[in-house]
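Each chain is listed here by its residues.
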Amino acid sequence: AIKPLTPITWLPQMDARPESERPRQEHRVRVRTEDLARAARRVDDSRRRLQALLDNMLDIAWLKDVSGRYISVNSSFAKSIGMDNPADIAGKVDQHLLEPEEALYTREIDLKVVGTRRTQRVEQPYNVPGLGVRWHEVIRTPNFNEAGMVVGIVGIARDMTERRRMLQELQNSETELLRLNELLLSSQEEERTRIRQELHDSVGQLLTGIKWAVERAKLSMTRGKAPKEAQDALADVVPMVQNTEEELARILLALRPKALDELGLE
């Protein structure tokens, strides 16, 4: 069976009903539009405050979304990659700004921050235009929304090149100090050996000669021989003692501080 058609007289009633609702709908549209405009202004204000905060930081700072795209960076960040306007970086990813290896490593750390929902602190090198390779201490922190989901990454980097250089110099100084200390100990031991050898070869032999001369004189007196023989034996002791004194003086003179020769007594 064919369904009867709607009478043509019903159509004006259909049009009249939306006409009566139109002012209310227009009012709702205006209210919604004003709400969206206020929300947009709040977002713009927040972005301006965030940008002002970032630009006033001496450290390099940035904000990314979870896909790795930069939302906002500060002037220090732009300068670190040889750019003047931070706004030119918005929407870019690390592959557009860094060396391939640097970009890959940075993305790995970003994913780790998102996956673990924890702050990551690393030291990594960056090739800074005009300055060469510079080491930075980088802190990346997850950015959460009201629902507790990670929606981005906040990063702060500080140039640690000079600090690393000073630490390396300190380590080199400590290594050099240990080397000099070992050299000093070695020199002292060599000097002891030399003095011991000199005393043995010179003063030791003289003292041995004195000993034998005295024992010979004593033996002569014990056997009742003429005092002349004892006197002759003892007479040999005098030059030996004199030679011993001179040898000791020579050795002691050789042990004087070297600064006396270079600077004098004063």
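Before reading further, recall that the structure is shown in the block above.
Predicted model, so just to flag it, every value in this text is computed and none were measured.

> An account of the overall build of the protein is requested, with residue identities and associated values reported.
Counting its secondary structure elements, the protein contains eight helices and five strands. Counting all 266 residues of the protein, 23% fall into the buried class. In the protein, of all internal contacts separated by at least 6 residues, the share reaching a separation of at least 24 is 40%. Carbon and sulfur atoms form 58% of the exposed surface of the protein, whose accessible area is close to 19900 Å².

> Explain helix α4 (residues 100–116) residue by residue, including any values.
In this model α4 runs 24 Å from its N-terminal to its C-terminal C-alpha over 17 residues, within 8% of the 24 Å that 1.5 Å per residue would give. The set of residues buried in α4 consists of E102, A103, T106, I109, D110 and V113. Angularly, the buried residues of α4 cover 130° about the axis, an arc narrow enough to put them on a single face. Away from its buried face, by an angle of more than 90 degrees, α4 presents the exposed residues P100, E101, L104 and G115. The elements touched by buried residues of α4 are β1 (60–65), α3 (94–97), β3 (120–128), β4 (132–144) and β5 (150–159).

> Could you give an account of the pairing of strand β2 (residues 70–73), naming the residues involved and the relevant values?
In this structure, β1 lies alongside β2, joined through three bridges in antiparallel fashion. By the bridge assignment for β2, L63 is matched with S72. Here β1 folds back onto β2 in antiparallel fashion, the turn holding four residues, of which G68 has a positive phi close to 95°.

> Could you give me a rundown of the packing of aromatic side chains, with the residues and numbers involved?
According to the stated counting rule, one finds two aromatic pairs in the structure shown. Three or more aromatic residues link up through ring pairs in this structure, and these residues are W62, Y70 and F77. Against the face of W135 rests R164, its NZ or CZ located 3.9 Å from the ring centre.

> How would you sum up the pattern of salt bridges? Please name residues and give values.
Using the criterion set out here, one finds ten salt bridges in the structure. Here D110 makes a salt bridge to R140, at a shortest N to O gap of 3.1 Å. One end of the pair, D110, is in helix α4; the other, R140, is in strand β4, with 30 residues separating them in the sequence. Accessibility expressed as a relative area gives 0% for R140, which makes it buried. Among the salt bridges present, the one from R134 reaches D159, with a minimum N-O distance of 3.1 Å. Taken as a pair, R134 in strand β4 and D159 in strand β5 lie far apart in primary sequence, 25 residues in all. Connected through salt bridges with shared partners, the residues K64, D94, D110 and R140 form a single ionic network.

> I'd like to hear about the pairing of β1, residue by residue, with values.
In terms of residue burial, β1 counts as a mostly covered element, since five of its six residues are buried. In this structure, β1 lies alongside β5, joined through six bridges in antiparallel fashion. Along β5, the bridge assignment pairs W62 with G155.

> Could you give me a rundown of helix α7 (residues 237–254), with the residues and numbers involved?
Compared with the 26 Å implied by 1.5 Å per residue over 18 residues, the 26 Å span of α7 between its first and last C-alpha is a close match. Taken as a whole, α7 has its buried residues at V237, T244, E247 and I251. Buried residues of α7, seen end-on, are gathered within an arc of 85° and therefore sit on one face of the element. What points out from α7, more than 90 degrees from its buried face, is the exposed set V238, E245 and L253.

Reading the values: rules and limits
- Residues numbered from 1 in each chain as written.
- Predicted model: local features only at pLDDT ≥ 70, side-chain atom pairs only at ≥ 80, totals over all residues.
- Heavy atoms only, no water.
- Helix = DSSP H or I, 4+ residues; strand = E, 2+ residues; numbered from the N terminus.
- Buried < 20%, exposed > 50% of the residue type's maximum accessible area, 1.4 Å probe, protein only.
- Contact = heavy atoms within 4.5 Å.
- Areas by Shrake-Rupley, 256 points an atom, 1.4 Å probe, with all protein chains shown as cover.
- Expected span 1.5 Å × (residues − 1).
- Arc of directions from axis to C-beta.
- Pairing = 2+ DSSP bridges.
- Phe/Tyr/Trp six-rings, centres within 6.5 Å; stacked < 30°, edge-to-face > 60°.
- Lys NZ or Arg CZ within 6 Å of the ring centre and 35° of its normal.
- Salt bridge = Lys/Arg side-chain N within 4 Å of Asp/Glu carboxyl O.

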